[in-house]
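# A structural walkthrough
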Amino acid sequence: MTMPFAGGIDANANATLIFSLVAAVIYAFSAGMPPTLGRSAAKTLAVAMLAVLAAMQGGPLLLVAALALSAIGDAFLSRDGEKAFMGGLASFLIAHVVYIALFLRAGGGLGLIGAEPWRGAVVLAMAVFAIVMLAALWRRVGPGLRIPIAVYVVAILAMGLSALTTSSPLVIGGAVLFMASDGLLATERFLVAAISPHRGWMQLAVWVLYYAAQLAITLGFLLG
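Our focus in this paragraph is the overall build of the chain. Scanning the chain for helices and strands turns up eight helices and zero strands. The helix and strand sequence of the chain, counted from the amino end, reads α-α-α-α-α-α-α-α. Relative to its length of 224 residues, the chain is compact, with a C-alpha radius of gyration of 17 Å against a globular reference of 17 Å. Dimensions along the principal axes, computed over C-alpha positions, put the chain at roughly 50 × 45 × 25 Å. Out of the 224 residues in the chain, the part that is buried amounts to 46%. Within the chain, residue pairs in contact and separated by at least 24 positions form 70% of the contacts whose partners lie at least 6 positions apart. Carbon and sulfur atoms provide 73% of the accessible area of the chain, an area that totals close to 10,600 Å². Looking at charge distribution, the chain has the averaged site of its 11 positive side-chain charges lying 9 Å from that of its 7 negative ones.

Another point: the side chain of serine 181. Mapped onto the secondary structure, serine 181 falls in helix H7 (residues 169-191). Given a relative accessible area of 3%, serine 181 falls into the buried group. In this structure serine 181 touches Val206, Leu209 and Tyr210, once residues within four positions along its chain are discounted.

Turning to the side chain of serine 196, a few remarks are in order. Relative to the helices and strands, serine 196 resides in the loop between H7 and helix H8 (199-222). Judged by its relative accessible area of 16%, serine 196 is buried.

It is worth spelling out the packing of aromatic side chains at this point. The relative placement of two aromatic rings is captured by the distance of their centres and the angle of their planes. Tallied over the entire structure, the rule returns ten aromatic pairs. Plain terms: the ring middles of phenylalanine 92 and tyrosine 210 are 5.7 Å apart, the flat faces sit at 85° to each other, and that makes the pair edge-to-face. Note that phenylalanine 92 is positioned in helix H4 (residues 82-106) and tyrosine 210 in helix H8, a separation of 118 residues in sequence. Tyrosine 210 matches phenylalanine 92 in its accessibility class, with the two residues each being buried. For the ring pair phenylalanine 103 and phenylalanine 221, a centre distance of 6.2 Å and an interplane angle of 5° mean the geometry is stacked. With phenylalanine 103 in helix H4 and phenylalanine 221 in helix H8, the pair connects residues that are 118 residues apart, well separated along the chain. On the basis of relative accessibility, which here comes to 18%, the residue phenylalanine 221 falls in the buried class. Here the aromatic residues Tyr27, Phe92, Tyr99, Phe103, Phe178, Trp207, Tyr210, Tyr211 and Phe221 are joined through ring pairs into a cluster of three or more.

Rules of the game
Residues numbered from 1 in each chain as written. Predicted model: local features only at pLDDT ≥ 70, side-chain atom pairs only at ≥ 80, totals over all residues. Heavy atoms only, no water. Helix = DSSP H or I, 4+ residues; strand = E, 2+ residues; numbered from the N terminus. Rg over C-alpha atoms; globule rule 2.2 N^0.38 Å. Buried < 20%, exposed > 50% of the residue type's maximum accessible area, 1.4 Å probe, protein only. Contact = heavy atoms within 4.5 Å. Areas by Shrake-Rupley, 256 points an atom, 1.4 Å probe, with all protein chains shown as cover. Lys, Arg positive; Asp, Glu negative; His and termini not counted. Charge placed at Lys NZ, Arg CZ, Asp CG, Glu CD. Phe/Tyr/Trp six-rings, centres within 6.5 Å; stacked < 30°, edge-to-face > 60°.

Following this line, the structure appears as structure tokens:
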């Protein structure tokens, strides 16, 4: 079995990655179920182990920090209630800011975005996505959530744009998946009826897209 890191399946790095993947799969099977301590632990550990992996492999400190903040956000979002949601929103907002700094530091500058037509096309798609999402949410959320959500949408757009300054397909793909996950999460939470039969598959899709995003970004830096 080919492993991404040296040393085989029992090497610390590969074992940590497998631990993360197992936790992610366990949570995927419990997505949509009522919150429990085990469910919260699986969700938190999936990305927390990616942070541990990044630290073990000597990855950028900003990558470790962004993954750790994301794991904290996952812990909040694994619970019910508006306070938990706001805690998760704040954690991921800071994580996105850290990712922006990481991508800009690792990238070739904003001029790279205009150097290739496909990058410009992705920028346009990201901008349209952010505008549509913000417009849809603005009408549906309460006044107290409008500004925090607007700030968050701007942050995820900036994260996506900053990823386009890098030359790593994994990092760019991860950023796109992250934006898709956030958009689907917002749709499921605010735009779909509470009794909708679509909520189950949407919650699973949010998790799959999100975890794939974090995994792609992590491997993009550690294997690039």
